[in-house]
Amino acid sequence: MDNFNFGHHFIGEFIGTAVLVILGNGVVSNVVLNKTKGHNSGWIVITFGWAMAVFFGVDASIALGGSGHVNPAVTLALFATSTIDLPIVGTYLLAQLLGATLGAIIVWVAYKQHFDETEDAAAKLACFSTHPAIRNPLYNFLTEMIGTFILVLGVMLMSAPTNSLGSLNALPAALLVLGIGLSLGGPTGYAINPTRDLGPRIAHSFLPIPRKGNSDWKYAWIPIAGPVVGGLLAAGLYLLVR
């Protein structure tokens, strides 16, 4: 707590998460919306785009005084391992949610004409939040839990925190997210980050997007609960094996 500065760490985490969502949801928008240069360029483009989003989001967060978590599942897992203290957790979680919401709004502004040109409501929602390829709450939950378990365990093993605020290393995290997307992303779109899904879903619910449909709140608990449980399980295993 001696090195904790609310303003610096809030801003760092806020901007880092916004960058994460701008680049991550931006690549999805480029692939799925009509009349973009990247329309229908496919899953590989999305997974690489999201890996770069993680890299620059984490890097921006750390450079501006944040932790580089940009993910509540990571923050809560580090709290469970006593790496960070409760006041820091609250600061990071608030900054992550607000940053993700702002990032989604910025993506909408950048792609507004393409949202207007796209009829498919599901494609528009996909530019904000995740949805399953086959809707089954149990298996969707398990997929998100497993993906986040791998993410958090990998982050802890490859990029062990070097200070009391639990800062991470951008490159290992980005490569790990690339691997998770390629290997485990197919069933649910690999949210593996509660705020990455919740903040943009909130933005989708109030933005004036024509023919957007509903925000699928019935599914929204899965990309929140699955990653949180997966992250905490990874924290538990890390404590056992470290």
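Look up: the structure comes first, before these words.
Overview of the structure. These numbers come from a predicted model, not from an experiment.

### Re the pattern of salt bridges
Now for step 1: By the definition in use, this model includes 5 salt bridges.
Now for step 2: A salt bridge links glutamate 119 to arginine 211; the shortest N-O distance between them is 3.1 Å. Of this pair, glutamate 119 sits in the loop between helix H5 (112–117) and helix H6 (121–126) while arginine 211 sits in the loop between helix H9 (194–206) and helix H10 (222–241); the two residues are 92 residues apart in sequence, bridging distant segments of the chain.

### Some thoughts on the packing of aromatic side chains
The relation between two aromatic rings is expressed through the spacing of the ring centres and the mutual angle of the planes.
Now for step 1: Enumeration according to the criterion identifies 5 aromatic pairs in this entry.
Now for step 2: Their ring planes at 10 degrees and their centres at 6.0 Å tell us that phenylalanine 10 and phenylalanine 14 sit as a pair that is stacked. Of this pair, phenylalanine 10 and phenylalanine 14 both sit in helix H1 (residues 6–32), separated by 4 residues, roughly a single helical turn. Neither residue differs from the other here; phenylalanine 10 and phenylalanine 14 are each classed as buried.

### Examining H10
Because each turn of an α-helix spans 3.6 residues, side chains separated by three or four positions in sequence point in the same direction.
Now for step 1: With 20 residues, H10 extends 28 Å from end C-alpha to end C-alpha; this agrees with the ideal 28 Å at 1.5 Å per step.
Now for step 2: The set of residues buried in H10 consists of Ile222, Pro223, Gly226, Pro227, Gly230, Gly231, Ala234, Ala235 and Tyr238.
Now for step 3: On its buried side, H10 packs onto helix H3 (72–80), helix H7 (137–158) and H9.

### Some words on the layout of surface pockets
It is the rolling of a water-molecule-sized probe over the atoms that shows where space remains empty.
Now for step 1: By volume, the largest pocket amounts to about 530 Å³.
Now for step 2: If you trace the largest pocket, you find 36 residues lining it, with Trp50, Thr130, Gly189, Tyr190 and Arg196 closest to the centre.
Now for step 3: When residues of the lining of the largest pocket are traced back to their parent elements, those giving at least two are H1, helix H2 (43–63), H7 and helix H8 (170–184).
Now for step 4: The element that contributes the greatest number of residues to the lining of the largest pocket is H2, accounting for 5 residues.
Now for step 5: Classifying every residue of the lining of the largest pocket by side-chain character gives 23 nonpolar, 12 polar and 1 charged.

### What about the nonpolar core?
Now for step 1: By size, the foremost hydrophobic cluster in this structure holds 20 residues, and its most contacted members are Trp50, Val54 and Leu151.
Now for step 2: No other element matches H8, which puts 6 residues into this core.
Now for step 3: Setting aside its immediate chain neighbours within four residues, leucine 151 contacts Asn71, Leu176, Val177, Ile180 and Ile192.
Now for step 4: Trp108, Phe115, Phe128 and Ala203 belong to the second-largest nonpolar core, a separate cluster that totals 13 residues.

Reading guide: rules and limits
- Each chain has its residues counted from 1, running along the sequence as written.
- Predicted model: local features are reported for residues with pLDDT of at least 70 only, side-chain atom pairs are reported and counted for 80 or more only, and whole-chain, interface and lining totals are derived from all residues.
- To obtain the side-chain values, all non-hydrogen atoms of the structure were used and water was disregarded.
- Whenever a carboxyl oxygen of Asp or Glu lies within 4 Å of a side-chain nitrogen of Lys or Arg, that contact is scored as a salt bridge.
- Numbering goes from the N terminus for both helices and strands, where a helix is a DSSP run of H or I of at least four residues and a strand is a run of E of at least two.
- Note on ring pairs: Phe, Tyr and Trp rings are taken, using the six-membered ring of Trp, and paired if centres are within 6.5 Å. Classes follow the plane angle, with under 30 degrees stacked, over 60 edge-to-face and the rest tilted.
- The classification of residues rests on relative accessible area computed with a 1.4 Å probe and restricted to protein chains. Under 20% of the type maximum is buried, over 50% is exposed, and intermediate values are partly exposed.
- By definition here, a helix of n residues has an expected span of 1.5 Å times n minus one.
- Note on contacts: a residue pair is in contact if any heavy atoms of the two residues lie within 4.5 Å.
- With a 1 Å grid spanning the protein atoms alone, the term cavity applies to any set of points in which a 1.4 Å probe fits but cannot get out, the term pocket to an open set with protein on both sides within 12 Å along at least five of seven lines, and the term lining residue to any residue with an atom within 4 Å of a point.
- Grid points are joined across faces, edges and corners, and a volume is the space filled by probe spheres set on the points.
- Three classes are used, and their members are as follows: Ala, Val, Leu, Ile, Met, Phe, Trp, Tyr, Cys and Pro are nonpolar, Asp, Glu, Lys and Arg are charged, and the others, Gly among them, are polar.
- Here, the term nonpolar core denotes a set of buried Ala, Val, Leu, Ile, Met, Phe, Trp, Tyr and Cys residues that are joined through side-chain atoms within 4.5 Å.

Keep in mind that these numbers describe shape and distance, not what the molecule does.
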